[in-house]
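Here's the letter readout for the chains.
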Amino acid sequence: MRRLYSDLLFTTRDEKLLVYILYEHKSAPQHATILQLYRYMGAIWARTAAKPFTTLPRIIPIVVYHGGQSWNETISFSEYFADAPSYSATGPELRPLFVDIVRPRKGLVDGLSPGSHAAIVALKHASTHNVDDLQEISIQEIPIETDGDREFVAMLVEYVLDTSPEESK
């Protein structure tokens with residue numbers, strides 16, 4: 001999938017089920033986002049179909065949005081068609097999970113690990129450039145037990161510094 005530039009693609013497998021979780025993150029509204037997800041999903045299914053198969057893997061597309069302006073673009077595949085109300089009965093439909101972390105739904109960050117919460121706040125800060133957002137990040141609460149944990153904290157700090165306005169550094 002690297003050549004298609006999907007943001008994140010996770011696979012979970014057991015004896016009966018193969019699930020892909022496809023994350024696409026956007027920092028600005030883009031009209032063709034749903035079409036882009038369909039291309040990624042088609043590439044995954046085409047790769048599966050290149051070998052004998054009985055079923056296609058389930059793909060759960062998730063759009064994580066952290067832009068400064070409200071998302072007013074298409075969030076459902078049928079909206080691309082002029083006859084949108086009647087299309088869903090005869091054609092494919094895709095409506096990904098859509099998460100706006102700048103204007104989150106109530107409870108979005110409840111129960112998240114400190115690392116996940118810090119990552120969401122860092123993305124929010126990157127779009128708003130509001131230094132007060134950074135007060136929500138508590139790096140000392142992120143457990144650092146492995147090299148992966150250390151790499152995560154280093155990437156998080158680097159991301160915050162790279163996306164902060166010069167006057168706040």
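Residues numbered from 1 in each chain as written. Predicted model: local features only at pLDDT ≥ 70, side-chain atom pairs only at ≥ 80, totals over all residues. Heavy atoms only, no water.

**Here's the deal with helix α4 (residues 147-163)**
Move 1: The end-to-end C-alpha distance of α4, which contains 17 residues, comes to 24 Å, matching closely the 24 Å that a straight helix rising 1.5 Å per residue would cover.
Move 2: Buried within α4 are the following residues: Val153, Leu156, Val160 and Thr163. Along the axis of α4, the buried positions cluster into a sector of 115 degrees, meaning they face one direction only. Across from the buried face of α4, at angles greater than 90 degrees, the exposed residues are Asp147, Glu151, Met155 and Asp162. (Helix = DSSP H or I, 4+ residues; strand = E, 2+ residues; numbered from the N terminus. Expected span 1.5 Å × (residues − 1). Buried < 20%, exposed > 50% of the residue type's maximum accessible area, 1.4 Å probe, protein only. Arc of directions from axis to C-beta.)

**Here's the deal with the packing of aromatic side chains**
Move 1: For the structure on display, the rule yields five aromatic pairs.
Move 2: Considering the side-chain rings of Tyr38 and Phe77, the 4.2 Å spacing of their centres and the 65 degrees angle between planes classify their relative orientation as edge-to-face. Taken together, the residues span a long stretch of sequence, with Tyr38 in helix α1 (residues 33-49) and Phe77 in the loop between β3 (58-65) and α2 (84-87) at a distance of 39 residues.
Move 3: Classification of Tyr38 as buried rests on a relative accessible area of 19%.
Move 4: Using a relative accessible area of 10% as the deciding quantity, one classes Phe77 as buried.
Move 5: Note on Tyr65 and Trp71: the rings are 5.0 Å apart at their centroids and 75 degrees apart in plane angle, and the pair reads as edge-to-face. (Phe/Tyr/Trp six-rings, centres within 6.5 Å; stacked < 30°, edge-to-face > 60°.)

**Some thoughts on the side chain of Thr74**
Move 1: Residue position: Thr74 is located in the loop between β3 and α2.
Move 2: Given a relative accessible area of 7%, Thr74 falls into the buried group.
Move 3: Not counting chain neighbours up to four residues away, the residues in contact with Thr74 comprise His31, Ile34, Glu79 and Tyr80. (Contact = heavy atoms within 4.5 Å.)

**Let's talk about the nonpolar core**
Move 1: Counting nine residues, the largest nonpolar core consists of Ile34, Leu37, Tyr38, Met41, Ile44, Ile59, Val63, Phe77 and Leu94.
Move 2: For this core, the elements supplying multiple residues, two or more each, are α1 and β3.
Move 3: Looking at this core, the element that brings in the most residues is α1, giving five residues.
Move 4: Judged by nonpolar contacts, the second largest core, of eight residues, contains Val121, Ala122, Ile137 and Val160. (Core = buried A, V, L, I, M, F, W, Y, C linked by side-chain atoms within 4.5 Å.)

**Quick word on the confidence of the model for the chain**
Move 1: Overall, the predicted model of the chain reaches an average pLDDT of 75, with 73% of residues at or above 70.
Move 2: Across the chain, the element-wise mean pLDDT spans from 56 in α2 up to 86 in α1.
Move 3: Ignoring residues within four places in sequence, the model shows residues 1-5, a span with pLDDT below 50, making 11 contacts including any to other chains. (pLDDT = per-residue confidence, 0-100.)

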